[in-house]
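Chain by chain, the residues:
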Amino acid sequence: MPSRRAFLAGLLATSAPRLSWADAGNPAYLAAAREPSGVHALFGLSAEGQDIFRIPLPDRGHAAAAHPTAPEAVAFARRPGRFALVIDCLTGRELQRLHAPQGRHFYGHGAFLAGGDILATSENAIDTGQGVIGLWARGEGYARIGEFASGGIGPHEIRALPGDVLAVANGGIRTHPDHGRDTLNLATMRPNLSYLSASGAVLEQVDLPAELWPNSIRHLACAPGGQLAFAMQWQGAPEEGVPLLGLHRRGETPVLAEAGLAEQRAMQGYAGSVAFSGNGRQIGITSPPGGRLHVFDAEGRFLASHRRADICGLAAEASGLLATDGLGGVMQTAAGRLAPLASAMRAWDNHLVRIG
């Protein structure tokens, strides 16, 4: 029988109005940035890239996880960060500050499962180097309720798929806070893309060919039809021009997509973000050091290259892609070009998160 306290909590939850993202101004995107003063903040942006809200952060952010229905976001510190902030995007109030357990650090990404009731976080078990997925219960004040293996080393971005399947980009890079962001296992790297159940069972794993093991799988995007895209970061010489985009459907062999050699080299071995267009027909990857946005079709055929200094953040836009750069610009792909939408005095961080 439930306790009186639990009964009253349930009664209050059912009687209180349920807030939505519309109550917070209906933002379409979340992005972190550094302002000229050096202050870091999380911004809610409209579909046209205009500011809707601004919430200060204690340090540099990496990515945010948007709750599927409530105006709530979890902003993660940049790797190897040990905190994540749960933010009420309606009031700007910090609801909780999550700290990685002893012997762990966050990898800068998270995803909501079970309709938003559970937050999953990508983490490093520092002593062993093994990847961990942490689980936090939103209804219990984001209490830590469990964890399971990520299926590899260095899990970076994680994505919730239909059926509470979790896609994990296991980058293969072992790091340790005492060594900053240095790669400690370059000779033995073996990245993979793992599909896990909500209980941690490995449903499927995708490995790269042996010659591409130094190609760290870092970021993920998913299309409505079930296709997954993964962006990679090459740990060898940038001029080698290896593929930086992979496309995968469950049960099939991955497709490694690449442009011509000159354009591939121009990416400098680094894909910082990946996204499907709003209609799912195109996929883009960005390279801040290369100043490039490469666009491919859903079969992996190269379509276009757009040049923009320090471009990185990327997300779906109605029929194309929306991007941000380190110079405060927001732009969209339209009519075969990269068209400016908005500009502000700030340096956008690496990721642009679409809400919903």
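Up top you'll find the structure we're talking about.
Here the structure is a predicted model, which is why all the values come from computation and not from measurement.

Peer 1: Residues and numbers for the pattern of salt bridges, please.
Peer 2: In the structure shown here, the tally under the stated rule is 13 salt bridges. Taking the shortest distance from any N to any O, the salt bridge between Arg54 and Glu35 comes out at 2.8 Å. Placement of the pair is Arg54 in strand S3 (residues 51–57) and Glu35 in the loop between strand S1 (29–34) and strand S2 (40–45), with a sequence separation of 19 residues. On the basis of relative accessibility, which here comes to 39%, the residue Arg54 falls in the partly exposed class. Measuring nitrogen to oxygen at the nearest pair gives 2.6 Å for the salt bridge that ties Glu123 to Arg144. Taken together, the positions of Glu123 in strand S9 (residues 118–125) and Arg144 in strand S11 (residues 143–153) put the pair 21 residues apart, joining distant regions of the chain. Using a relative accessible area of 0% as the deciding quantity, one classes Glu123 as buried. Connected through salt bridges with shared partners, the residues Arg104, Glu123, Arg144 and Glu147 form a single ionic network.

Peer 1: Run through the nonpolar core, naming residues and quoting values.
Peer 2: Counting residues in hydrophobic clusters, the biggest one holds 31 residues, and the most contacted among them are Tyr195, Ala229, Leu245, Val274 and Ile285. At the level of elements, strand S13 (165–170), strand S14 (192–196), strand S16 (215–222), strand S17 (228–234), strand S18 (245–248), strand S20 (273–276) and strand S21 (282–287) are the ones that each hand at least two residues to this core. Considering each element in turn, this core owes the most residues, six residues, to S17. The contacts of Leu245, once residues within four sequence positions are left out, are Ala229, Phe230, Met232, Val255, Leu256, Ala257, Val274, Ile283, Ile285 and Phe296. Residues Ile55, Leu57, Ala64 and Ala66 belong to the second largest nonpolar core, which totals 19 residues.

Peer 1: Describe the environment of Gly320, listing the residues and the values that go with them.
Peer 2: Within the secondary structure, Gly320 sits in the loop between strand S24 (311–316) and strand S25 (321–325). Distance in space between the C-alpha atoms of Gly320 and Ala64 is 22 Å, their sequence separation being 256 residues.

Peer 1: Just give me the short version of the sheet that holds strand S28 (residues 347–354), but keep the residues and values in it.
Peer 2: Reading across the sheet, the four strands line up as S3-S2-S1-S28 and stay open at both edges, with antiparallel pairing between neighbours. Edge positions in the open sheet fall to S3 and S28, since each of these has one partner strand only. For this sheet, the mean angle separating the axes of adjacent strands, direction not counted, is 20 degrees. Relative to S2, S1 runs antiparallel, the two being bridged by six bridges. For Leu30, the partnering residue across the bridge sits in S2 and is Gly44.

Thresholds applied
- Residues numbered from 1 in each chain as written.
- Predicted model: local features only at pLDDT ≥ 70, side-chain atom pairs only at ≥ 80, totals over all residues.
- Heavy atoms only, no water.
- Salt bridge = Lys/Arg side-chain N within 4 Å of Asp/Glu carboxyl O.
- Helix = DSSP H or I, 4+ residues; strand = E, 2+ residues; numbered from the N terminus.
- Buried < 20%, exposed > 50% of the residue type's maximum accessible area, 1.4 Å probe, protein only.
- Core = buried A, V, L, I, M, F, W, Y, C linked by side-chain atoms within 4.5 Å.
- Contact = heavy atoms within 4.5 Å.
- Pairing = 2+ DSSP bridges.
- Axes fitted to C-alpha atoms, helices over the stretch in contact; angles between N-to-C directions.

Distances and angles like these do not, on their own, reveal function.
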